Amino acid sequence: TCQFGDYIRYIRKTNDEEMNKVWKKLLKDVEQPTLSFNKKQSNLSQDNCVLYWEFSHNESKELRSLAVKHQTTLNNVLQLAWALLLKVWSGKDQSVFGIISSGRTPQLINSEKIVGLLINTIPMVVQFKEGDTLSDTLKNTQSTFNEILDYAHCPLVELKKKTQLQSDEKLFEKYCFTTQEIDF
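Just so you know, these numbers come straight off a predicted model, no measurement behind them.

Draft legend 1. Spotlight on the pattern of salt bridges. Per the counting criterion, the structure on display carries five salt bridges. Note that Lys-25 and Glu-147 form a salt bridge whose closest N and O atoms lie 3.9 Å from each other. Of this pair, Lys-25 sits in helix H2 (residues 16–27) while Glu-147 sits in helix H5 (residues 134–149), placing them 122 residues apart in sequence. Residue classification places Glu-147 among the partly exposed positions, given a relative accessible area of 34%. One salt bridge in this structure joins Lys-87 and Asp-93, with 3.2 Å as the shortest N-O distance. By relative accessible area, which is 26% here, Lys-87 ends up partly exposed. With a relative accessible area of 43%, Asp-93 lands in the partly exposed category.

In structure tokens, the structure reads:
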């Protein structure tokens, strides 16, 4: 059985140079956090802003079909949808938002059986490039996601240092999502 100590040993064996290279490449162009709304132009504050989004059965099927068509995951499609929404709200070609990693890497056999809290919130960066198709952007998003998961244990404070943000700026805003499984 895989135990917490095995996880710590795995992290200590991680190639820090490669991890820093991956994160620096992803975060080097982050100059400001992606804000979902302009606080000066809105009567809402982050504390009382709630976005509720529910997909119908048909919409869920269409999203799954889109993922299959583009040989990606439903998670990737939803990440891109969120990035597009942030792009529209912010007016920027780059969206940065937090994703949660379970910390249970497939490289550590039986890591899913570890008892303990290994989760970490890491930044996901989606860059929208002129001329890219939906398929191109989905592939780029999936590639980025796959690349950063191997290094999801990196502390957020260290990741922020790899950006161009000022010390008092957030890397990304906080958003909470809840999902509910529904059998159809």
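Draft legend 2. Region of the structure containing a nonpolar patch on the surface. Taken together, Trp-53, Phe-55 and Leu-78 make up a surface patch of nonpolar side chains, about 280 Å² in accessible area. Turning to its location among the elements, Leu-78 is positioned in helix H4 (residues 74–90). With relative accessibility at 34%, the residue Leu-78 sits in the partly exposed group.

Draft legend 3. Up close: the nonpolar core. Counting 31 residues, the largest nonpolar core has Trp-23, Phe-97 and Ile-148 as the members making the most contacts within it. Contributions of two or more residues to this core are made by H2, helix H3 (57–69), H4, strand S1 (94–101), strand S2 (120–127) and H5. Once residues lying within four places of it in the same chain are set aside, the contact partners of Phe-97 are Gln-79, Trp-82, Ala-83, Leu-86, Ile-122, Pro-123, Met-124, Val-126 and Phe-172.

Draft legend 4. Spotlight on the packing of H3 against H4. With their axes 8 Å apart at the nearest point, H3 and H4 run at an angle of 105° to one another. Of the possible angle classes, the one that applies to H3 and H4 is roughly perpendicular. In this structure, H3 uses Leu-63, Arg-64, Leu-66 and Ala-67 to contact H4, whose residues at the interface are Leu-74, Val-77 and Leu-78. The class makeup of the residues in the contact of H3 with H4 is six nonpolar, no polar and one charged.

Draft legend 5. Broad picture of the pairing of S2. Among the eight residues in S2, six count as buried, and that is most of the element. Pairing between S1 and S2: eight bridges, direction antiparallel. Bridge pairing in S2 links Val-96 to Val-125.

Draft legend 6. Main features of the environment of Phe-55. Following the sequence through the fold, Phe-55 ends up in the loop between H2 and H3. The contacts of Phe-55, once residues within four sequence positions are left out, are Ser-60, Leu-63 and Leu-78.

Draft legend 7. Examining H2 more closely. The end-to-end C-alpha distance of H2 is 16 Å, a good match for the 16 Å that 12 residues give at a rise of 1.5 Å each. Those residues of H2 that fall on the buried side of the exposure criterion are Met-19, Val-22, Trp-23, Leu-26 and Leu-27. Seen along its axis, H2 keeps its buried residues to an arc of 115°; they face one direction. Facing away from the buried surface of H2 by more than 90 degrees, the exposed residues are Glu-17, Lys-21, Lys-24 and Lys-25. Its buried side turned inward, H2 meets S2, H5 and helix H6 (156–160).

Draft legend 8. Structural view of the packing of aromatic side chains. Evaluated as defined, the whole model comprises two aromatic pairs. Look at Phe-4 and Tyr-7: their rings are 6.1 Å apart centre to centre, the planes differ by 40°, and that puts the pair in the tilted class. Of this pair, Phe-4 and Tyr-7 are both found in helix H1 (residues 4–13), three residues apart, which corresponds to roughly one turn of the helix. Exposure remark for Tyr-7: the relative accessible area of 8% places this residue in the buried category. Each ring, one from Trp-82 and one from Trp-89, has its centre 6.0 Å from the other, and the planes form 85°; the classification is edge-to-face. You can call Trp-82 buried: its relative accessible area is 8%. On the basis of relative accessible area, Trp-89 is assigned to the partly exposed category, the value being 39%. The ring of Phe-128 carries Lys-87 above its face, with NZ or CZ at 5.8 Å from the centroid.

Parameters at a glance
- Residues numbered from 1 in each chain as written.
- Predicted model: local features only at pLDDT ≥ 70, side-chain atom pairs only at ≥ 80, totals over all residues.
- Heavy atoms only, no water.
- Salt bridge = Lys/Arg side-chain N within 4 Å of Asp/Glu carboxyl O.
- Helix = DSSP H or I, 4+ residues; strand = E, 2+ residues; numbered from the N terminus.
- Buried < 20%, exposed > 50% of the residue type's maximum accessible area, 1.4 Å probe, protein only.
- Patch = residues over 30% accessible without salt bridge, like charges linked within 9 Å, V, L, I, M, F, W, Y side chains within 5 Å.
- Areas by Shrake-Rupley, 256 points an atom, 1.4 Å probe, with all protein chains shown as cover.
- Core = buried A, V, L, I, M, F, W, Y, C linked by side-chain atoms within 4.5 Å.
- Contact = heavy atoms within 4.5 Å.
- Axes fitted to C-alpha atoms, helices over the stretch in contact; angles between N-to-C directions.
- Parallel < 35°, antiparallel > 145°, perpendicular 65-115°, else oblique.
- Nonpolar A, V, L, I, M, F, W, Y, C, P; charged D, E, K, R; others polar.
- Pairing = 2+ DSSP bridges.
- Expected span 1.5 Å × (residues − 1).
- Arc of directions from axis to C-beta.
- Phe/Tyr/Trp six-rings, centres within 6.5 Å; stacked < 30°, edge-to-face > 60°.
- Lys NZ or Arg CZ within 6 Å of the ring centre and 35° of its normal.

Remember, this is a structural readout, not a statement about activity or role.
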